[in-house]
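Observations on the three-dimensional arrangement
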Amino acid sequence: MFKDDMAIHAGVPEKVVKAALGKLRLEEDLSGVTWDLARSRPGRPIKVYFEASTMPEIQAAKKHLERLLDESGYDLYP
């Protein structure tokens, strides 16, 4: 099992990240990827921990999450 994390800057509200992760859960081709949100504190990045059987699955999930947040109007790289 492979694990990786992703830090999302504090300018993106946690509820937007949770909504994007909810949409990500509906993707059939990413069904083998699980994730967990770390406890966030104001002004600190939001950490998402991914786990999957292969690294390409994790990379695809991270790219899809980036795209969902971008479509919501949040730039991950300000």
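Residues numbered from 1 in each chain as written. Predicted model: local features only at pLDDT ≥ 70, side-chain atom pairs only at ≥ 80, totals over all residues. Heavy atoms only, no water.

For the rest of this paragraph, the subject is the sheet that holds strand E3 (residues 46-52). Spatial strand order, E1-E3-E2: three strands in an open sheet with antiparallel pairing. Each having just a single partner strand, strand E1 (2-8) and strand E2 (34-37) make up the two edges of the open sheet. Put simply, the sheet's adjacent strands are angled 20° from each other on average, direction ignored. Direction of pairing for E1 relative to E3: antiparallel, over a ladder of seven bridges. Residue phenylalanine 2 lies in a different strand from E3, and its bridge partner there is alanine 52. (Pairing = 2+ DSSP bridges. Helix = DSSP H or I, 4+ residues; strand = E, 2+ residues; numbered from the N terminus. Axes fitted to C-alpha atoms, helices over the stretch in contact; angles between N-to-C directions.)

The next subject is helix H1 (residues 14-25). Between the first and last C-alpha of H1 there are 16 Å, a value that for 12 residues agrees with the 16 Å anticipated at 1.5 Å per step. Along H1, the positions that sit buried rather than exposed are Val16, Val17, Ala20, Leu21 and Leu24. The buried residues of H1 occupy one face: seen down the axis, they fall within an arc of 135°. Looking at H1, the residues exposed on the side facing more than 90 degrees away from the buried face are Lys15 and Arg25. In this fold, the buried residues of H1 make contact with E1, E2, E3 and helix H2 (55-71). (Expected span 1.5 Å × (residues − 1). Buried < 20%, exposed > 50% of the residue type's maximum accessible area, 1.4 Å probe, protein only. Arc of directions from axis to C-beta. Contact = heavy atoms within 4.5 Å.)

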